[in-house]
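Observations on the three-dimensional arrangement
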Amino acid sequence: ELLSASTRPDNASGPSLHLAEDDGGTHHPTRRHASVSSENPPPDNCATLLPGPSILTGTGKHRPNPGTLFLPGLRSLPFWTAPPSPGGAEGRRRIAYGDGVVSEVVEEAEGLWENIREEYLALKGNGAREDYVNGGDGGHATLHDGKWDWHSFMRGGKVEKDDGPTASCPASAGLLLGDDGAATTTTTARHLFRDVPFGYAFFSALGGGSSIKAHCGPMNLRLRVHLPLIVPSAGVRKEGVRDPPCGIRVGNAIREWEEGRAIVLDDSFEHEVWNESSDERVILLFDIWHPDIHREERERIVEMFRYAREQGWISNEN
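Presented here is an overview of the structure given in this document. (Residues numbered from 1 in each chain as written. Predicted model: local features only at pLDDT ≥ 70, side-chain atom pairs only at ≥ 80, totals over all residues. Heavy atoms only, no water.)

1. Points about the sheet that holds strand S5 (residues 158-159)
As summarised here, the arrangement of the 6 strands in space is S5-S4-S6-S13-S8-S11, forming an open sheet in which the pairing is antiparallel. Bordering the open sheet on either side are S5 and strand S11 (263-265), each of which pairs with just one other strand. In the packing of helix H2 (residues 113-125) onto the sheet, the strands contacted are strand S4 (148-155), strand S6 (201-206), strand S8 (222-230) and strand S13 (281-289), and the crossing angle to S8 comes to about 70 degrees. (Pairing = 2+ DSSP bridges. Helix = DSSP H or I, 4+ residues; strand = E, 2+ residues; numbered from the N terminus. Contact = heavy atoms within 4.5 Å. Axes fitted to C-alpha atoms, helices over the stretch in contact; angles between N-to-C directions.)

Listed below in structure tokens is the structure:
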């Protein structure tokens, strides 16, 4: 649902990282047509960006197509959670590939959803200021029509600690951020997409009559989790209104949200969101590391972005 960087070159805004080749033939994250300074080379434990082959699109099938970074070899599916069983039968959630990390994240989120919803309602009732910046953070304003409010725990990989929901929503913050000093921190907190300028966690409230246009996310390094807290009733189907009237498409697959039932998706696939009802739809949205990325790889990727930020090569202050 959230585009954290440019989806295509003609939509470039928000965090961006340019590539160049230095005189020694080694590729580093740097400005296009510039060379890495020999006085401050990237550290040895820093991941490297390489200009890749041309990307083949327009094949008639939806495939991952991130606009900024692509890590080869990662498993990919539009949705990592199965839709509800026919008739609403309860049972163990079916998770793509039977992945243990994704299964634990889903179980943790669903186990707290009622507490998290109560925290959101209290936050909204207290008149908390929403922190969506129109036109900022990756040009989201070019993607959405209507009303879209955020209350953020993490923006651009940085945890918002001092105010907002992190301070006033302990169950939500505990799920997402855990306790850095506790051995029992959540699986979600251990795998949250922190310290990377494309990581987000926030209450996402999409107003009635609002939509987010089709786009691809900036990278395939993350999976995106939606925990539905308030979902408009489908009601009577009306002519001229999409079916479902409030839903999400990833690739060719369309899903409706169900309160308390998490959806995990790969937003490097083309996706879009709409709410053609008259009521607000609210989810807790957060990013986790793709489970195929090993801890050493995570550390090197984080170091790459730290170095790029230090050099001023990331174009905004996220």
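2. Here's the deal with the sheet that holds strand S3 (residues 144-145)
Taken in spatial order, the 5 strands of this open sheet run S3-S7-S12-S9-S10, and their pairing is antiparallel. The open sheet has two free edges, formed respectively by S3 and strand S10 (253-255), since each of these has just one partner strand. With 4 bridges connecting them, strand S7 (residues 210-215) and strand S12 (residues 271-275) associate as antiparallel partners. Within S12, the residue paired with Ser210 across the bridge is Asn275.

3. Looking at the packing of aromatic side chains
One pass over the structure, following the stated rule, counts 11 aromatic pairs. Relative to Phe203, the ring of Phe153 lies with its centre 5.3 Å away and its plane at 65 degrees, an arrangement referred to as edge-to-face. With Phe153 in strand S4 and Phe203 in strand S6, the pair connects residues that are 50 residues apart, well separated along the chain. Each of the two residues, Phe153 as well as Phe203, counts as buried. Between the aromatic rings of Phe198 and Phe305, the centroid separation amounts to 5.8 Å while the plane-to-plane angle is 65 degrees, which identifies the pairing as edge-to-face. One end of the pair, Phe198, is in the loop between helix H5 (187-191) and S6; the other, Phe305, is in helix H6 (residues 295-310), and 107 residues separate them in sequence. Residue Phe198 is classed as buried on the basis of its relative accessible area of 2%. Overall, the relative accessible area of 2% leaves Phe305 in the buried class. The positively charged end of Arg75 is found above the aromatic ring belonging to Tyr97, 4.7 Å away from the centroid. Directly above the aromatic system of Trp257 lies the positively charged group of Arg281, at a separation of 4.7 Å from the ring centroid. (Phe/Tyr/Trp six-rings, centres within 6.5 Å; stacked < 30°, edge-to-face > 60°. Buried < 20%, exposed > 50% of the residue type's maximum accessible area, 1.4 Å probe, protein only. Lys NZ or Arg CZ within 6 Å of the ring centre and 35° of its normal.)

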